[in-house]
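Understanding the architecture of this molecule
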Amino acid sequence: MFIQESCAGFLDKLAAKDAVPGGGGAAAFAGALGAALASMVCNLTLGKKKYQEVENTVQEILQATTQVRQELTALVQADAEAFGALMQAYKLPKESSIEQDFRTQTISLKSIAASEVPWQIALACKKVLELADQVAQVGNPQAISDAAVAALLARAALRSACYNVLINLGSITDKSYIDSCLQNMKALKREAFLLEEQVLEKTENILLRP
C-alpha cells in the first residue's frame, strides 16, 4: 500500500522510473492534504468560547473533511491498481486479428476503469473545495490562510485528476463515454474555479481588512 509509506518514501516512489504511483496518486494525495488542512481549521475552531454558536456546524464539517480525506487516501492505491491492470492489457498478444480485436476491446475496458478512478478523485476534491469554503466562512479567522491553502490544493488536485482522465480517453472506443467525460469535466472544472475564488475572496477580505 503506497499510502502506508512515509512521506519521504512515497515521494521516492513517485520520483522513480516506475509508472506507479503516478499523477493520479499524486492528485489524490494532494487532495487529501487539502482535506487535512480543512480539518485543522475545524480543530482550531472547536472548543473555543468565541465560536460556540457554530460548534455543531464545525463538528459536521470536521466529520466530512475526515471522511473525504480517507476516501482520497484510499484512491491513491486504487489509482495504482487500475493503471496496473491497464498496463497488463497492453501486454496481451496481438499476432492474429482475433487477438488484436480482443486486445483492443480489453484496453478500452481497462482504460474506462483507469479513467473512473481519477474521476472519483476529482469529485472528492470538489468536496474538499466545498468544505474549505464552508470552514472559511465559519471557522477561526486566525487559520483562514490554511482554508485558502486547502482550497488551492484541492483545485490543483482536481484539475490534475481530470488530466489523468483525459489521457485514458484516447484508448477508449466508446465515443458516447468520451463525450460524456469531456462534458462532465468541463462543468466540474468550472465549479471548482468558482469555489476556489470564493474561498480566496473570503481569505483576502479577512487578511487585508484594515
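See the structure shown above.
Residues numbered from 1 in each chain as written. Predicted model: local features only at pLDDT ≥ 70, side-chain atom pairs only at ≥ 80, totals over all residues. Heavy atoms only, no water.

**As for the overall build of the protein**
Each helix and strand in the protein was counted, giving 6 helices and 0 strands. Beginning at the N terminus, the succession of helices and strands in the protein can be written as α-α-α-α-α-α. Seen along its three principal axes, the alpha-carbon backbone of the protein occupies a region of about 75 × 35 × 30 Å. Buried residues in the protein amount to 41% of all 210 residues. Within the protein, residue pairs in contact and separated by at least 24 positions form 76% of the contacts whose partners lie at least 6 positions apart. (Helix = DSSP H or I, 4+ residues; strand = E, 2+ residues; numbered from the N terminus. Buried < 20%, exposed > 50% of the residue type's maximum accessible area, 1.4 Å probe, protein only. Contact = heavy atoms within 4.5 Å.)

**What about the nonpolar core?**
If you look at the biggest cluster of nonpolar residues, it comprises 56 residues, and the most contacted ones within it are V68, L72, I121, A122, L129, L158 and L169. The set of elements that each furnish at least two residues to this core consists of α2 (23-43), α3 (55-90), α4 (97-138), α5 (144-169) and α6 (175-207). Examining the composition of this core, we find that 14 residues originate from one element, α4, more than from any other. Ignoring sequence-local partners within four residues, the contact set of L129 consists of A151, A154, R155, L158, A192, L195, E196 and V199. (Core = buried A, V, L, I, M, F, W, Y, C linked by side-chain atoms within 4.5 Å.)

**Some details on the layout of surface pockets**
Quantified by volume, the largest pocket comes out at close to 160 Å³. Along the walls of the largest pocket sit 13 residues, with G23, G24, D79, F83 and N164 positioned nearest its centre. Counting residues per element, the ones that place at least two in the lining of the largest pocket are α2, α3, α4 and α5. It is α5 that contributes the most residues to the lining of the largest pocket, 3 residues altogether. (1 Å grid on protein atoms, 1.4 Å probe; cavity = no way out; pocket = protein on both sides within 12 Å on 5 of 7 lines; lining within 4 Å. Points joined across faces, edges and corners; volume = space filled by probe spheres on them.)

**Considering the side chain of D79**
The topology assignment puts D79 in helix α3. Those residues in contact with D79, other than ones at most four positions away along the chain, are G24, G25, V117, P118 and I121.

**Let's talk about the packing of aromatic side chains**
The full count for this structure, using the stated rule, is 1 aromatic pair. Here the aromatic rings of F10 and F29 are separated by 5.2 Å at their centres, their planes lie at 40 degrees, and the arrangement is tilted. Here F10, found in helix α1 (residues 7-15), pairs with F29, found in helix α2; they are 19 residues apart in sequence, far enough to count as distant. Given the relative accessible area of 4%, F10 is considered buried. Of the residues examined, F29 reaches a relative accessible area of 24% and is grouped as partly exposed. The cationic tip of K189 hangs over the ring face of Y163; the distance from NZ or CZ to the ring centre is 5.8 Å. (Phe/Tyr/Trp six-rings, centres within 6.5 Å; stacked < 30°, edge-to-face > 60°. Lys NZ or Arg CZ within 6 Å of the ring centre and 35° of its normal.)

**Some points on a nonpolar patch on the surface**
A contiguous nonpolar surface patch, about 290 Å² in accessible area, is contributed by Y163, L166 and L182. For L166, the position within the fold is in helix α5. Classification of L166 as partly exposed rests on a relative accessible area of 37%. (Patch = residues over 30% accessible without salt bridge, like charges linked within 9 Å, V, L, I, M, F, W, Y side chains within 5 Å. Areas by Shrake-Rupley, 256 points an atom, 1.4 Å probe, with all protein chains shown as cover. Salt bridge = Lys/Arg side-chain N within 4 Å of Asp/Glu carboxyl O.)

**Some words on the packing of α2 against α5**
Running from N to C, α2 and α5 cross one another at 160 degrees; their axes reach a closest spacing of 8 Å. With respect to each other, α2 and α5 are oriented roughly antiparallel. Crossing angle aside, the handedness with which α2 passes α5 is left-handed. Touching G23, G24, A27, A30, G31, L33, G34, L37, A38, M40 and V41 of α2 are D146, A147, V149, A150, L153, A157, S160, A161 and N164, all from α5. Taken together, the residues that form the contact of α2 with α5 break down as 13 nonpolar, 6 polar and 1 charged. (Axes fitted to C-alpha atoms, helices over the stretch in contact; angles between N-to-C directions. Parallel < 35°, antiparallel > 145°, perpendicular 65-115°, else oblique. Left-handed = near helix turned anticlockwise from the far one by under 90°. Nonpolar A, V, L, I, M, F, W, Y, C, P; charged D, E, K, R; others polar.)

**Side note on the environment of A36**
Relative to the assigned elements, A36 resides in helix α2. For A36, a relative accessible area of 32% puts it in the partly exposed group. Along the sequence, A36 and L194 sit 158 residues apart, while their C-alpha atoms lie 21 Å from each other.

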